[in-house]
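# Coordinates in review
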Amino acid sequence: MAAGVAAQSFPDIKPAPQQTQWQDLEFGVILHFGTNTFLNREWGDGTASPKIFNPKQFDPEQWMTAIQASGARYVVLVAKHHDGFCLWPTEQTDYSIKESPWKDGKGDMVAEVAAAARRHGLKFGVYLSPWDRHEPKYKDPVAYDKYYLAELEELATRYGDLVEFWLDGAGSTGRTYDFPKIIETLRTYQPDTMVFADMALFEYGDIRWAGTESGNITYENWNVIDRHGYLRWRPVEVDTPLRDLHWFWHPNDEASLKSVKDLVDSYENSVGRGGQWMLGVAPDDRGLLPDSDVKRLRELGETLHSRYAENLLRSHLPIDENAANAVDGDEATFWSAPAGSNSSTLEVRLAHPVRFDHSLTMEWLNEGQTVQRYRIEAWQKDAWVPIVSGYAIGHKKIDHFPAVTAQRIRLQILSSVGAAHIREFQVFAPSPVASGP
């Protein structure tokens, strides 16, 4: 080990401020819109004419109204998909909206979508596909890296603060891009942008892929990842489309729209397992979100709000200020276990018995992810009865269990690396989610 370099272990790794801020966003939307939309395709081959791109009713305000209603807090626009068609008037190629009939080639869709997102209080980011099936320079790695960097610089300097930058490795088997220079270029102009990348691409991304597009985290979710001995705080983002297997809009495709129940299950198995949920939404060939999608996004937002609007622990009997910080609904405050402790208990007594069947627990992560095992218990028949137990809590953990009625409830931190810090401890009344279409 080199002199002056300290050894690192998992508990040593802490998040950067922009990482915890990003994790607090929890739910984002990724927008796919391009020539594929007009050709009933998912993967374009780069041969589509720009002349087919003409969304005559394009209205990003309609998009953002629907997205905001869903509860999402940020939007990532696919500025260039694998076919190479660009949604902004790039100076690097004519294969863009400059050659389309939309606004007589004078428009800038990235600019309009970014502005609409911000008007609705949503943060904005971009996806720029490394794989490019149209650009002739792609055959020459050195020339194409220069081309890609020039496109990235345009996006990083023209459209305000970017909350997230997507690097997708799809279609790039056998190809290595100049990732150090890509990140260096982005950081020059956007030092706080979170970089999403598959773990296979490079070790120093800010966000990692969940491994599938199923919309679920199926494993214990720790924020620190070891890639080839390189430890990094790298939270997971779970991407899944609003429509089964479809990221772009397709005609006559209403049967693919996911139910509210499916969407809530995905949310609770992504955000509710300490991850970030990225839901794929696609405008149609009019340039509008279909009415059915708008309705489904609104239903999703209403259902999530109803399920998590009333923390039953808010009706607690008097407790000390430290414990009150975990049940006050304010994510800026937190309960702290005794200094130096590796196990601890947070108990809440209620004014009357309550019936509940799911809980929400959040760690304060600024000093790292500390909880390694926990259990929630209810006082019943003069004894503490375990309700649910687990390992990782992380940013947020949602647990489900058979309905319980109790007046005393506690969170047992069974094992932690140092003193645990809990931002929120909440329980909720049963609220079944309709499984209809």
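Here's a quick rundown of the structure. This is a predicted model, so every value here is computed, not measured.

The next subject is the packing of helix α2 (residues 60-70) against helix α7 (residues 291-308). Relative to each other, α2 and α7 sit at 25°, their axes nearing to 6 Å. Here α7 runs roughly parallel to α2, going by the angle between their axes. Note on element contacts: α7 touches α2 through V294, L297, R298, L300, G301 and L304, opposite Q62, A66, I67, A69 and S70.

Tallied over the entire structure, the rule returns 25 aromatic pairs. When the centroid spacing of 4.8 Å and the interplanar angle of 40° are considered together, the rings of F27 and W277 count as tilted. Taken together, the residues span a long stretch of sequence, with F27 in strand β1 (residues 27-31) and W277 in strand β10 (residues 276-281) at a distance of 250 residues. Accessibility classification places F27 together with W277 in one group, the buried group. Residues F53 and F85 carry aromatic rings whose centres are separated by 5.3 Å and whose planes lie at 50° to one another, so their mutual orientation is tilted. Within this pair, whereas F53 is found in the loop between β1 and α2, its partner F85 is found in the loop between β2 (74-80) and α3 (109-119), the two being separated by 32 residues in sequence. Exposure remark for F85: the relative accessible area of 3% places this residue in the buried category. Put simply, the rings of F33, F38, F53, F58, W63, F85, Y95 and W102 touch in pairs and so form one group of aromatic residues. Here R408 stacks its cationic end above the ring of W379, 4.5 Å away from the centre of that ring.

On to the side chain of E377, then. When you line up the elements, E377 lands in strand β13 (residues 371-380). Reaching out from E377, the side chain makes a polar contact with the side chain of R375 at a distance of 2.7 Å. Residues in contact with E377, not counting those within four places in the same chain, are W384, V385, P386, I387, R408, I409, R410 and Q412.

Here the focus is the side chain of H250. Among the secondary structure elements, H250 is positioned in the loop between β9 (236-241) and α6 (260-268). For H250, a relative accessible area of 9% corresponds to the buried category. A polar contact is formed between the side chain of H250 and the side chain of E42, at a distance of 2.7 Å. Within polar-contact distance, the side chain of H250 engages the backbone oxygen of F248 at 3.4 Å.

Moving on, we come to the pattern of salt bridges. Following the criterion strictly, the structure yields 30 salt bridges and no others. Two residues, D206 and R232, come together in a salt bridge whose shortest N-O distance is 2.8 Å. Of this pair, D206 sits in the loop between β5 (194-197) and β6 (207-209) while R232 sits in strand β8 (residues 230-233); the two residues are 26 residues apart in sequence, bridging distant segments of the chain. Judged by its relative accessible area of 22%, R232 falls in the partly exposed class. D399 is the partner of K397 in a salt bridge, and the nearest nitrogen-oxygen pair spans 3.8 Å.

Ranked by size, the top nonpolar core spans 73 residues in total, and within it L31, M64, L167 and I182 carry the most contacts. Of the residues forming this core, the biggest block, seven residues, is contributed by helix α4 (residues 141-158). When residues no more than four places from it in sequence are discounted, the contact partners of M64 are L31, V75, V113, A116, A117, H120 and L122. Formed by 30 residues, the second largest nonpolar core is a distinct cluster that contains L312, A378, F401 and I422.

Calculation notes
- Residues numbered from 1 in each chain as written.
- Predicted model: local features only at pLDDT ≥ 70, side-chain atom pairs only at ≥ 80, totals over all residues.
- Heavy atoms only, no water.
- Axes fitted to C-alpha atoms, helices over the stretch in contact; angles between N-to-C directions.
- Helix = DSSP H or I, 4+ residues; strand = E, 2+ residues; numbered from the N terminus.
- Parallel < 35°, antiparallel > 145°, perpendicular 65-115°, else oblique.
- Contact = heavy atoms within 4.5 Å.
- Phe/Tyr/Trp six-rings, centres within 6.5 Å; stacked < 30°, edge-to-face > 60°.
- Buried < 20%, exposed > 50% of the residue type's maximum accessible area, 1.4 Å probe, protein only.
- Lys NZ or Arg CZ within 6 Å of the ring centre and 35° of its normal.
- Polar contact = N/O pair within 3.5 Å; in protein donor to acceptor, adjacent residues only side chain to side chain.
- Salt bridge = Lys/Arg side-chain N within 4 Å of Asp/Glu carboxyl O.
- Core = buried A, V, L, I, M, F, W, Y, C linked by side-chain atoms within 4.5 Å.

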